[in-house]
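Examining the three-dimensional arrangement
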Amino acid sequence: MIAIIGAGISGLTTAWYLQKHNIKYRIFEASERAGGYIQSKQENGFLLEMGPNSILCDQEIIDMMTEMGLKQDFLFANPSSKSRFIFKNGAYRKLPSSPPSLIFNSFFSWKTKLALWKERNNKTKGGLEETLSQFFERRFSKEIVEYALNPFVAGIFAGDPEQLILEKTFPILREHEQKYGSVIKGFIANKGAERKQSISFKEGLERLPAQIAAQLRDISYQSPVLELKKEAKGFRLKTEKETLHVEQVILTTPAFKSADLLKVDYSAFSLALRALNYPSMCVVHSVFNRADVGFAMEGFGGLNPACENTFSAGSIWSSSLFEGRCRSKQILITSFVGGVQFQQQALLPEKEILERLTKELQTVYQIKGQPVFQHFKRWKDSIPQYDKQVLSLDGHAQKAEKDKLWICANWKDGVSIGDCMKKAKKLAESLR
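Now for a description of the structure that goes with this document. Remember, it's a predicted structure, so these values are computed and weren't measured experimentally.

For the rest of this paragraph, the subject is the overall build of the protein chain. For the protein chain, the helix and strand inventory stands at 17 helices and 20 strands. What you see for the protein chain is a C-alpha radius of gyration of 22 Å, in line with the 22 Å of a compact globule of 432 residues. In terms of principal-axis extent, the alpha carbons of the protein chain reach across some 65 × 55 × 40 Å. In the protein chain, which comprises 432 residues, the share counted as buried stands at 56%. Carbon and sulfur atoms make up 51% of the accessible area of the protein chain, which totals about 19,900 Å². Separation between the mean location of the 60 positive side-chain charges and that of the 47 negative ones in the protein chain comes to 4 Å.

With that settled, the discussion passes to the pairing of strand S18 (residues 330-338). By the criterion of burial, S18 is predominantly enclosed, with nine of the nine residues buried. Bridge count between strand S15 (residues 281-289) and S18: nine bridges; the pairing is antiparallel. Its bridge partner being in S18, Ser286 is matched across the sheet by Ile333.

Glancing now at the packing of aromatic side chains. For the coordinates displayed, the defined rule picks out 19 aromatic pairs. When the centroid spacing of 6.4 Å and the interplanar angle of 70 degrees are considered together, the rings of Tyr92 and Phe295 count as edge-to-face. Here Phe295 lies in the loop between S15 and strand S16 (301-303) and Tyr92 lies in strand S8 (residues 91-94), a separation of 203 residues in the sequence. The two residues Tyr92 and Phe295 agree in class, both being buried. Taken together, a centroid distance of 6.3 Å and an interplanar angle of 75 degrees make the contact between Phe269 and Trp411 edge-to-face. Placement of Phe269 in helix H12 (residues 267-274) and of Trp411 in the loop between strand S20 (405-407) and helix H17 (417-430) is noted, with a sequence separation of 142 residues between them. For the pair Phe269 and Trp411, a shared accessibility class is recorded, and that class is buried. A connected cluster of aromatic rings, assembled from ring pairs, spans Phe85, Phe87, Tyr92, Phe295, Trp317 and Tyr365.

In this section: the environment of Lys88. For Lys88, the location among the structural elements is in strand S7 (residues 84-88). With 215 residues separating them along the chain, Lys88 and Leu303 place their C-alpha atoms 9.6 Å apart. Apart from residues lying up to four places away in sequence, Lys88 is in contact with Arg93, Phe107, Phe108, Glu143, Tyr147 and Glu308. Engagement of the side chain of Lys88 in a polar contact is seen with the side chain of Glu143, the distance being 3.0 Å.

Rules and cut-offs
Residues numbered from 1 in each chain as written. Predicted model: local features only at pLDDT ≥ 70, side-chain atom pairs only at ≥ 80, totals over all residues. Heavy atoms only, no water. Helix = DSSP H or I, 4+ residues; strand = E, 2+ residues; numbered from the N terminus. Rg over C-alpha atoms; globule rule 2.2 N^0.38 Å. Buried < 20%, exposed > 50% of the residue type's maximum accessible area, 1.4 Å probe, protein only. Areas by Shrake-Rupley, 256 points an atom, 1.4 Å probe, with all protein chains shown as cover. Lys, Arg positive; Asp, Glu negative; His and termini not counted. Charge placed at Lys NZ, Arg CZ, Asp CG, Glu CD. Pairing = 2+ DSSP bridges. Phe/Tyr/Trp six-rings, centres within 6.5 Å; stacked < 30°, edge-to-face > 60°. Contact = heavy atoms within 4.5 Å. Polar contact = N/O pair within 3.5 Å; in protein donor to acceptor, adjacent residues only side chain to side chain.

Okay, here's the thing in structure tokens:
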């Protein structure tokens, strides 16, 4: 039997494909629910996402979710969500999204526009430990780093591009540089590639793990694994209720929880996992009367570069992104306070965070009134950081695989829901 530790999206998807191929498994989940960080909440008529807000889907992910019986629940993002806004010089401005708008829009300076043009003939090279900031400044300009890269990295990874490693976050950029000699040439050569779509569900993202879990035969809830011990042929696994022998183990838990289970037989791996940084993040949902808002919220949301010294890392305009998030005469804003670059803000008392965030929202979005509703959620450990600490993990994981201890977690090879689902499917297929 294969033991899967953790019923987040990675563990659930792995189990779904193992079950499809009639491979015996059992999921051990410490809590009373499936889904991990994917949490949707209905409150006062509002649909709130505590963790991820959408899934960026290619056809493979759409096919997987269709196979899982979710097609009728798909909720595609509104067309306006293609517009992204960046806070610059005290106001939100639309980020250019096409070559013409890049040339004729005043968002970037002519110096940066010239650097973009010259990038096609940029012959510089970087090392394997090159950070995102080093790569983008080497190939483009510091302004691109500050006003495009920085806010998006904070929004996607809750991270700092000065620390995140290119090879572990956006390896496709290095591939373009090596294959085409230019990032821009690489994108032009692949311009016919499939475009991804942002998708949620009518009942929120938690519909995804709930649907998968409902089809699985063997999930043990409220069954934290207390001990994992390597044996001659497999592992001894101990919970509060039982001790059993399993042939293989799949770890899907956060790095700090996996470290506890590996400290005896895989001490070096355990130490490397404990070194991974999980910054704190606060998610705040604010609802305002639409008539009180002076800013036209037609887009995905507004992101805040660290150099602008804002209180929050940015916001998703949830009611603009998906239908049914709030009443028609209201707007729902999902704001993020914290992450690596805004860590001190995330550690403040809840009351102070709400007061300072509300004041910021009122200023940047020209809002006259107070919020009619607010909800606060603090994640002590949010998104694992793909910084230099993650570089040693591949070697440790490869050694563990020789014992049939497999890793399928968001701290390795991709943090997004789509990444986790693809990794899980690939792993399950390899174990057939």
